[in-house]
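The primary structure of each chain is shown beneath.
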Amino acid sequence: MSTVTCVAPVNIAVVKYWGKRDETLILPANDSISATLDTDQLCAKTTVMASPRFKEDCIWLNGKEEDIRSPRLQNCLTEIRKRAGPSNKLGQWKVHISSENNFPTAAGLASSAAGYACLVAALAKLYEVEGDISSIARVGSGSACRSVLGGFVRWHMGSDPNGTDSIAKQIAPASYWPEMRIIILVLNDAQKKVSSAIGMKRSMETSELLKYRVKHIVPIVADKMQQAIIKKDFKTFAELSMKDSNQMHATALDTYPPCIYMNDISHAVVDLIHSYNNAVNEIKVAYTYDAGPNTTLYLLEKDVPTVMGVIDHFFPPLQDNLVEYKKGLPIETVKPSQNLLNKMNIQQHAPGCFKYIIYTQVGDGPKYLKDPKDHLLNNQGLPVKHV
C-alpha cells in the first residue's frame, strides 16, 4: 500500500480564461494570468492510495462517493499512469482518492482548479512522475494548470494541436510581491445555474465579442499584466484586472442565451470600489469576478484596514454572524472618516449582503503532508472524517 496526501491552492485570474479552442484537450482560446492564493486560507486536500487489494478505482469528494468514470478524472489518471510507464508496479494497482475543499464547491471560488491541481500533484508523487504536470492538471480543469504553481502564473495557450505547449509557467514567486493581499467577499455559496464549462462553450459558439477579445485584446493585455507584475506596478495591475473582468462578463452577456454570473450585490461592490478609488484619487483596490457572484479584491497590505472599514460601513454584517464572518488572516479595520464618506456618496446596504469575508495573501503551490494523521483515507482505503 502506498499513500500520498497533498494540499493545493485556489488561483484567481486577473486576465481571464474564457473559451476553449479544443473541448476535449481543454486548450484555451487565449493566455491567462492568475495569482495563487495561500493554502492556509483556501485549499483542496487530497489523499491518494494505491494497493493491490483494491478491486477498482474509487473517489470520494467531501465524504461523498462520486463517479470515477468522469471523462476528466479518467484523462488525469490515464495521463499520469502513461507517464509513470509500464515498469512502475503501482500502475497495475487500483487507486482510491479522497478529496475535500475547505470552501464551497462550484460557487465561483475556483474549486475545480484547486481540486484537480491537488489530485494531479498527489498522483504525480504517488507514481513518481516528474517534470511539468500543469498539462495533466489542465485536462482535468483548465485553470487547474495554474494552481500547480505558486505566486503569479501565466497559462500559455500554446499553438500545438495536441496541447503539448499549453502549459503554465511562473511569472514570479509569492515572495516577489509580498505586500499583495486578497479579500474575497462571499455573496452566495450556492451552486451556479450555468457552469463555467457550459458558459464558455456557449460563448465560443455565439459571442462575436469573445472572438474579437481572444484575437485582438487578450494578447496585448496579458503582456501588459505580466510587465505590471514584474515591475510591481499596482496601478496598472489593478486597472487591467478590473477592465479584463468587466470584459469577460460582457462576453458572457453577449452570449446567446446570455450567461449571467454577477448579481445586484456584485454590481454594487463594483460601484463601491470605483467610488472609493475616485474619492482617494488613486487606484488603491481592484475587483475581479470569475464565473460567479463573489468578489475578489486585490490590494496592498497597507490599504487593507481602510478598505475593510469602507466595506464594513457600506455592507455591514449581521450582528449574529460576527464570530464566523471574517475568516483567514487577522484583519484590522479603520472606520472611514466622515470626509471620505461624503466624497463617496454611495448608498449604505442592509446588513447581511455577504455570508462571510476571507482575507488572504499570495501563496505557494501544492504541498505534501507527511503526517499520517492528515490522510483522508484509513488503512482500508476508506474515507475518514476530518473536522
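Values in this document were obtained by computation on a predicted structure and should not be read as measured data.

**Here we look at the environment of Val 48**
Here is step 1 of the chain: With respect to the helices and strands, the residue Val 48 is situated in strand E6 (residues 43-51).
Here is step 2 of the chain: Beyond its immediate sequence surroundings of up to four residues, Val 48 is in contact with Ser 2, Thr 3, Val 4, Val 95, His 96, Ile 97, Leu 119, Ala 122, Leu 123 and Leu 126.

**Quick look at the side chain of Lys 20**
Here is step 1 of the chain: Relative to the elements of secondary structure, Lys 20 occurs in strand E3 (residues 20-22).
Here is step 2 of the chain: Among buried charged residues, Lys 20 stands out as having no salt bridge; its nearest opposite-charge side chain is Glu 23, 4.2 Å away.

**Some points on unusual backbone geometry**
Here is step 1 of the chain: Cis geometry marks the peptide bond from Tyr 256 to Pro 257, where omega comes out at -10°.
Here is step 2 of the chain: Mapping Pro 257 onto the fold places it in the loop between helix H7 (234-254) and helix H8 (264-280).
Here is step 3 of the chain: At Ile 26, a position not held by glycine, the phi torsion is positive, near 50°.
Here is step 4 of the chain: A positive phi angle, close to 50°, is found at Asn 62, a residue other than glycine.
Here is step 5 of the chain: Tracing the sequence through the fold places Asn 62 in the loop between strand E7 (58-61) and strand E8 (64-66).

**Some thoughts on H8**
Here is step 1 of the chain: Here H8 is 17 residues long and its end C-alpha atoms lie 25 Å apart, about the 24 Å a rise of 1.5 Å per residue gives.
Here is step 2 of the chain: Considering only its buried residues, H8 is in contact with strand E12 (180-186), H7, strand E13 (285-288), strand E14 (295-300), helix H9 (304-314) and helix H11 (338-344).
Here is step 3 of the chain: Backbone nitrogen of Ile 265 and a side-chain oxygen of the N-cap are separated by 3.1 Å at the start of H8; the cap is Asn 263.
Here is step 4 of the chain: One or two steps after H8, the chain reaches Asn 281, where phi turns positive at roughly 60°.

**Points about helix H2 (residues 111-126)**
Here is step 1 of the chain: Here H2 is 16 residues long and its end C-alpha atoms lie 22 Å apart, about the 22 Å a rise of 1.5 Å per residue gives.
Here is step 2 of the chain: The buried fraction of H2 is high, at 14 of 16 residues.
Here is step 3 of the chain: Positive backbone phi, approximately 55°, marks Glu 128, located one or two places after H2.

**Side note on the pairing of E14**
Consecutive side chains along a regular strand alternate between the two faces of the sheet.
Here is step 1 of the chain: Of all 6 residues in E14, 6 are buried, a share of seventy percent or more.
Here is step 2 of the chain: Of the two faces of E14, the one carrying Thr 295, Leu 297 and Leu 299 and the one carrying Thr 296, Tyr 298 and Leu 300 are both buried.
Here is step 3 of the chain: As defined by bridge partners, E13 adjoins E14 across 4 bridges and the pair is classed as antiparallel. In the sheet register, Ala 286 faces E14, and the bridge partner there is Tyr 298.
Here is step 4 of the chain: Counted between consecutive antiparallel strands, the loop separating E13 from E14 contains 6 residues.

**Let's talk about the packing of aromatic side chains**
Here is step 1 of the chain: One pass over the full model with this rule turns up 9 aromatic pairs.
Here is step 2 of the chain: Each ring, one from Phe 152 and one from Phe 237, has its centre 6.5 Å from the other, and the planes form 85°; the classification is edge-to-face. You can see Phe 152 sitting in strand E10 (residues 152-155) and its partner Phe 237 sitting in helix H7, a full 85 residues away along the chain. One exposure class covers both Phe 152 and Phe 237, and it is buried.
Here is step 3 of the chain: Taking the centre distance of 5.6 Å and the plane angle of 70° together, the rings of Trp 177 and Phe 237 count as edge-to-face. With Trp 177 in the loop between strand E11 (168-172) and E12 and Phe 237 in helix H7, this residue pair connects regions lying 60 residues apart in the sequence.
Here is step 4 of the chain: With relative accessibility at 3%, the residue Trp 177 sits in the buried group.
Here is step 5 of the chain: Taking NZ or CZ as reference, Lys 125 lies 4.9 Å from the ring centre of Tyr 368, over its face.
Here is step 6 of the chain: Stacked on the ring of Tyr 356, the Lys or Arg Lys 327 has its end atom at 4.7 Å from the ring centre.

Rules used in this analysis
Residues numbered from 1 in each chain as written. Predicted model: local features only at pLDDT ≥ 70, side-chain atom pairs only at ≥ 80, totals over all residues. Heavy atoms only, no water. Helix = DSSP H or I, 4+ residues; strand = E, 2+ residues; numbered from the N terminus. Contact = heavy atoms within 4.5 Å. Buried < 20%, exposed > 50% of the residue type's maximum accessible area, 1.4 Å probe, protein only. Lys, Arg positive; Asp, Glu negative; His and termini not counted. Salt bridge = Lys/Arg side-chain N within 4 Å of Asp/Glu carboxyl O. Expected span 1.5 Å × (residues − 1). Polar contact = N/O pair within 3.5 Å; in protein donor to acceptor, adjacent residues only side chain to side chain. Pairing = 2+ DSSP bridges. Phe/Tyr/Trp six-rings, centres within 6.5 Å; stacked < 30°, edge-to-face > 60°. Lys NZ or Arg CZ within 6 Å of the ring centre and 35° of its normal.

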